Amino acid sequence: MTTFSIGETDFLLDGRPHQVISGTLHYFRIHPEHWADRIRTAKAMGLNTIETYVAWNAHEPVRGEWDATGWNDLGRFLDLIAAEGLHAIVRPGPYICAEWHNGGLPVWLTSTPGIGIRRSEPQFVEAVSEYLRRVYEIVAPRQIDRGGNVVLVQIENEYGAYGSDKEYLRELVRVTKDAGITVPLTTVDQPMPWMLEAGSLPELHLTGSFGSRSEDRLATLREHQPTGPLMCSEFWDGWFDWWGSIHHTTDPAASAHDLDVLLAAGASVNIYMVHGGTNFGTTNGANDKGRFDPIVTSYDYDAPIDESGHPTAKFHAFREVIAKYAPVPADVPAPRPDAPVFEAPLVGHGDWMPATSAAAPTDVPATFEELAHLGPLVRYDVDLPAFSGPAALMFEEVRDLAWIHVDGTPVGRLSRALHERALTIPAGARLTVLVEDQGRVNYADRLGEAKGLIGAVTLNGEPLTGWTATPVDLTLARGAGNGSVGRALLRGSFELESEADLFLDTSSWGKGFAFVNGFFLGRYWNSVPQGTLYVPGPATRVGTNEVVVLELEHAVAPVARFVAGPSLGQLEE
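Parameters at a glance
The written sequence of each chain sets the order in which its residues are numbered from 1. Reporting in this predicted model follows two pLDDT cut-offs: at least 70 for local features of residues, and 80 or more for side-chain atom pairs to be given and counted; totals over whole chains, interfaces and linings ignore these cut-offs and use all residues. Water and hydrogen atoms were dropped before computing side-chain values, which therefore reflect all heavy atoms in the structure. Think of it this way: any DSSP run of H or I at least four residues long counts as a helix, any run of E at least two long counts as a strand, and we number them from the N terminus. C-alpha atoms define the radius of gyration, and 2.2 Å times the number of residues to the power 0.38 defines the globule rule. Note on exposure labels: buried denotes an accessible area under 20% of the residue type's maximum, exposed denotes more than 50%, and partly exposed covers the range between, all computed with a 1.4 Å probe on protein chains only. Side-chain atoms alone can form a polar contact between residues adjacent in sequence; in general such a contact is a pair of N or O atoms within 3.5 Å, and within protein one must be able to donate a hydrogen while the other accepts it. Whether two residues touch is decided by their heavy atoms; if any such pair falls within 4.5 Å, the residues are in contact. Strands pair, by our definition, only if DSSP identifies at least two bridges between them. As a rule, the C-alpha atoms of each element are fitted with a line to give its axis, helices using only the stretch in contact, and angles between N-to-C directions run from 0 to 180 degrees. The crossing is said to be left-handed when, going from far helix to near helix, the turn is anticlockwise and less than a right angle, and right-handed when the turn is clockwise. Residue polarity is assigned by list, with Asp, Glu, Lys and Arg as charged and Ala, Val, Leu, Ile, Met, Phe, Trp, Tyr, Cys and Pro as nonpolar; anything else, Gly included, falls into the polar class. Directions are taken from the helix axis to each C-beta atom, and the arc is the one they span. Between the rings of Phe, Tyr and Trp (Trp by its six-membered ring), a pair exists once the centres lie within 6.5 Å; its type follows the angle of the planes, with under 30 degrees stacked, over 60 edge-to-face, and the other angles tilted. Here, a salt bridge means any Lys or Arg side-chain nitrogen found within 4 Å of an Asp or Glu carboxyl oxygen.

The next subject is the overall build of the protein chain. Scanning the protein chain from N- to C-terminus turns up 10 helices and 31 strands. In terms of C-alpha radius of gyration, the protein chain reaches 25 Å, essentially the compact-globule figure of 25 Å for 573 residues. When the backbone C-alpha atoms are referred to their principal axes, the protein chain occupies close to 80 × 55 × 40 Å. Sorting the 573 residues of the protein chain into buried and exposed places 60% on the buried side.

Turning to the side chain of Thr-110, a few remarks are in order. Secondary-structure assignment places Thr-110 in helix H4 (residues 107-110). Polar side-chain contacts of Thr-110 include one of 3.1 Å to the side chain of Asn-102. Discounting chain neighbours no more than four positions away, the residues touching Thr-110 are Asn-102, Leu-105, Ile-115, Ile-117 and Gly-448.

A separate point is the sheet that holds strand E21 (residues 440-441). Backbone hydrogen bonds are what pair the strands of a sheet, in a parallel or an antiparallel way. One open sheet holds the 3 strands; their spatial order is E13-E12-E21, and the pairing between them is mixed. The two strands at the open ends of the sheet, each matched to only one other strand, are strand E13 (292-294) and E21. Pairing of strand E12 (residues 285-288) with E13 involves 3 bridges; the strand directions are antiparallel. Across the sheet, residue Asp-288 finds its bridge partner in E13, namely Phe-292.

The next subject is the packing of helix H1 (residues 35-44) against helix H3 (residues 74-83). At a minimum axis distance of 10 Å, the contact between H1 and H3 shows a crossing angle of 35 degrees. At the point where H1 passes H3, the crossing takes the right-handed sense. Touching Trp-35, Ala-36 and Ile-39 of H1 are Arg-76, Phe-77, Leu-80 and Ile-81, all from H3. Residue classes in the contact of H1 with H3 are distributed as 6 nonpolar, no polar and 1 charged.

Right, let's talk about H3 for a bit. When we look at burial in H3, the residues that qualify are Leu-74, Gly-75, Phe-77, Leu-78 and Ile-81. Seen from one end, H3 has its buried residues packed into an arc of 165 degrees, which puts them on one side. At the C-terminal side of H3, Gly-85 shows a positive phi close to 75 degrees.

This brings us to the environment of Ile-81. Along the chain, Ile-81 turns up in helix H3. Sequence separation between Ile-81 and Gly-483 is 402 residues; the distance between their C-alpha atoms is 49 Å. Among all residues touching Ile-81, those that are not within four sequence positions of it are Ile-39, Ile-50, Leu-86, His-87, Ala-88 and Asn-149.

Take unusual backbone geometry next. Here the amide bond leading from Gly-93 into Pro-94 is cis, since omega sits at 25 degrees, within 30 degrees of zero. Considering the arrangement of structural elements, one finds Pro-94 in the loop between strand E6 (87-91) and H4. The omega torsion across Tyr-272 and Met-273 is -5 degrees, close enough to zero to call that bond cis. With respect to the helices and strands, Met-273 occurs in strand E11 (residues 268-275). Its identity as a non-glycine residue notwithstanding, Ala-444 has a phi of 70 degrees, on the positive side. With respect to the helices and strands, Ala-444 occurs in the loop between E21 and strand E22 (452-459).

Within this structure, the stated rule accounts for 30 aromatic pairs. Aromatic pair Tyr-53 and Tyr-272: ring centres 6.4 Å apart, planes at 65 degrees, arrangement edge-to-face. Note that Tyr-53 is positioned in strand E5 (residues 49-53) and Tyr-272 in strand E11, a separation of 219 residues in sequence. The pair Tyr-53 / Tyr-272 is uniform in exposure class, with both members buried. For the pair Phe-235 and Phe-318, a centre-to-centre distance of 6.4 Å together with 45 degrees between the ring planes defines the contact as tilted. Residue Phe-235 is located in strand E10 (residues 231-236), and its partner Phe-318 is located in helix H10 (residues 313-322); the two are separated by 83 residues in the primary sequence. Grouping residues by exposure puts Phe-235 and Phe-318 together as buried. By the ring-pair criterion, three or more aromatic residues cluster together here, those being Tyr-53, Trp-236, Trp-239, Phe-240, Trp-242, Tyr-272, Tyr-299 and Tyr-301.

Turning to the pairing of strand E14 (residues 342-348), a few remarks are in order. Taking every second residue as pointing to the same face, the buried face of E14 carries Phe-342, Ala-344, Leu-346 and Gly-348, while none of Glu-343, Pro-345 and Val-347 on the other face is buried. Of the strand pairs in this sheet, E14 and strand E31 (residues 559-563) are connected by 4 bridges, and their pairing is antiparallel. Bridging from a neighbouring strand, Ala-344 pairs with Ala-560 of E31. Note: E14 against strand E25 (residues 488-496), 3 bridges, orientation antiparallel. Bridge pairing links Gly-348 to Leu-490 in E25.

Below, the discussion takes up the pattern of salt bridges. Taken as a whole and assessed by the stated rule, the structure comprises 35 salt bridges. With its nearest N and O atoms 3.1 Å apart, the salt bridge here joins Asp-293 to Arg-291. On the accessibility criterion, Arg-291 (40% relative accessible area) is partly exposed. Here Lys-451 makes a salt bridge to Asp-437, at a shortest N to O gap of 3.5 Å. Of this pair, Lys-451 sits in the loop between E21 and E22 while Asp-437 sits in the loop between strand E20 (430-436) and E21, and the two are 14 residues apart along the sequence. When its relative accessible area of 7% is taken as the criterion, Asp-437 is described as buried. Among the ionic contacts, a cluster of salt bridges with common partners joins Asp-288, Glu-369, Glu-397, Arg-399, Asp-400, Arg-416, Asp-437, Arg-440, Arg-446, Glu-449 and Lys-451.

Below is the structure:
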């Protein structure tokens, strides 16, 4: 039996000191047919371990409907890691942050009346306990002391930045141990004294999350973890992007230097991210620290392995550093060819706004949660009272982007990011509001907030009542005519001689969603920094392929352009 434990100064593998050199791959951000490739490429950089979060809301978007197959087959992912001779670290949360929608927590959970998120509140603890038991059914038999490859399991995630409920942490530990987890248990927090003190328990091994000033951060961590190995379990080698900002990068040499400092100090490390992947569909999260910033579709993260699996300059810089402390494979992945470049004409099928719901009207617009709707769009309608001349339309809050129409004519757009809540509308009989959830907040105290039109809506100070709400199923969208001007469905086809990774150029379009062969690529927007959508090769096929674009607001060029590589804005220092 192989053992993995915590010694006086080191991790111990079969009783011998062992330095963990790990990198993060999120199975839920990578096409399953690419898992083995990404793991193998990460191994070629010199890693001996792969780490992953577990996204609860990917496995159980609807309560009681647990799924651990296909994209959610955590067991297969761990087995593929083992097949490459690598260890694994599992971080099941339940909260993961990760710039993933709702921080990984299911909407049905966070919208439960009276629930206390991330604390020892009975409803939350009961649901979390059931979730963890399901995860550990997969993880427990794959632990290293049972012939598997899992060496560490993390309790919660950066909890010290959120709370200090020790009873909650103890309950998570109890459930974890009762489920048969015997490998060492860790916590992670930024190396600030108050976070380290709040976010752990004496029986858990503290680790840090940081991306620079390694010596200082390790010193702070050692003050709070006097014995055992030092570990940076989130070494930030890049950063995430949000709409309207730059593409965030870090200098490969500077990042490699900080990695060198960590390894030279004898610390273990988990590189976050070794390969970021993609927020396919509408799985991106958002941040709100006074301004609402939805995360882009790409989760490239400026990682050593880019969004489409190509080793970067940072890959080679890190590999050179790792080779000073551990053996690295002799073979380096060969450079990959550029993606095919071609165009496919699109045919516009007109507006795809769905018909109104027959549901009973309500005095206040129903939220996405009240509608049990997990998609990104809801259509709201209400009859307007008679009035003459322009009138002031006021919303209590819009989450997150709303297109306003009077008698079918667009009259304005309101953005949560710009703190917009009011506009002037002309006289008419019918008000229609299309609302987009642009991404659920993944950090801090806005976790689990409702989406849609929040609270009352007034016209010249008087409440508007009698609202209907129609959830939009993007997969059922059908055009109601011809043309590609404004909100429209566009469809086209193209031929391939073999499956191929592609990059769909979205720079000539406005805002919307795109699909290839029914595979939901994600959101696009003519806002920096992202100007392409990554199409994973397994989503394509030999012969005829179909591309579908659901445009929300602008006239679009009626052509799908596929380009050689990603467009992620201007490189910034």
